Amino acid sequence: GAGVSQTPSNKVTEKGKYVELRCDPISGHTALYWYRQSLGQGPEFLIYFQGTGAADDSGLPNDRFFAVRPEGSVSTLKIQRTERGDSAVYLCASSLTGRDGEKLFFGSGTQLSVL
Amino acid sequence: ELKVEQNPLFLSMQEGKNYTIYCNYSTTSDRLYWYRQDPGKSLESLFVLLSNGAVKQEGRLMASLDTKARLSTLHITAAVHDLSATYFCAGSNYQLIWGAGTKLIIKP
């Protein structure tokens, strides 16, 4: 597609529920990133995919968070047993190769609200 | 551990004025990035600064990098209302480490 697409744009869920957030990167981009952004703060790194594999998942806060990219394009971020503290905007970004210094292209984010 | 600090965090200015946003980082960062974010929108890449002394300009925005001082600046010349946004800098430590952002409001 023309840009990075994220769905849904908004997700409201109850504490303890499971949610999936989807990211469709720019076609041909091998690198895909998930970030989390809380109000008034900069993005916080979660996970980086190079192709189908998670090259760096050091930013995932705990084992309730998991992400996949089975075919090297679309990625899904999965959050189990959601907590109120998970409320944030979840941003996805892609870049052509993942090389340092490359521009990242961001999606519009998914606003997750856990009640 | 790389840490990135921006200042100011909030800036209100009149159209036509010049101002500078500062981005300090704590340890070596080979690259320095500037992004813009409009309310409710995604992040838009402005500049990638690759080496010491790098200067890049686009329109009324100019960014520079001094790796010895561990400082990058984003200078706004003759500000216009359309430049109102939140500006983020980010250093590179394998992954991007972001500052908290500078919310810039430019009043007509």
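These numbers come from a predicted model, not from an experiment.

Draft legend 1. Up close: unusual backbone geometry. The step from T7 of chain A to P8 of chain A runs through a cis peptide bond, and the omega angle for that step is -10°. Tracing the backbone shows P8 of chain A in the loop between strand 1 (5-7) and strand 2 (10-13). With omega at 0°, the peptide bond leading from N7 of chain B into P8 of chain B counts as cis. Locating P8 of chain B in the fold gives a position in the loop between strand 1 (4-7) and strand 2 (10-14). At R81 of chain A, a residue that is not glycine, the phi angle is positive and equals roughly 45°. Residue placement: R81 of chain A occurs in the loop between strand 8 (75-79) and strand 9 (88-95).

Draft legend 2. Just the sheet that holds strand 8 (residues 71-76) of chain B, in detail. All names here are of chain B. Reading across the sheet, the five strands line up as 1-3-8-7-6 and stay open at both edges, with antiparallel pairing between neighbours. Both edges of this open sheet fall to strand 1 and strand 6 (55-58), since each of them pairs with a single strand only. Sheet twist, expressed as the average angle between the axes of neighbouring strands with direction ignored, equals 15°. Across four bridges, strand 1 lies against strand 3 (residues 19-25) in antiparallel orientation. Paired with N7 across the two strands is Y22, which belongs to strand 3.

Parameters at a glance
Counting from 1, residues in each chain are numbered in the order their sequence is written. Ligands are numbered from 1 and chains lettered from A, in the order in which they are written. This being a predicted model, a pLDDT of at least 70 is required before a residue's local features are given, and a value of 80 or more before pairs of side-chain atoms are given or counted; all residues contribute to the totals for chains, interfaces and linings. Side-chain descriptors were evaluated using all non-hydrogen atoms of the structure, hydrogens and water having been removed beforehand. Per the convention used, a helix needs a DSSP run of H or I reaching at least four residues, while a strand needs a run of E reaching at least two, with both numbered from the N terminus. In this scheme, strands are said to pair when DSSP sees at least two bridges between them. Working convention: axes come from line fits to C-alpha atoms, limited for helices to the stretch in contact. Angles between N-to-C directions cover 0 to 180 degrees.

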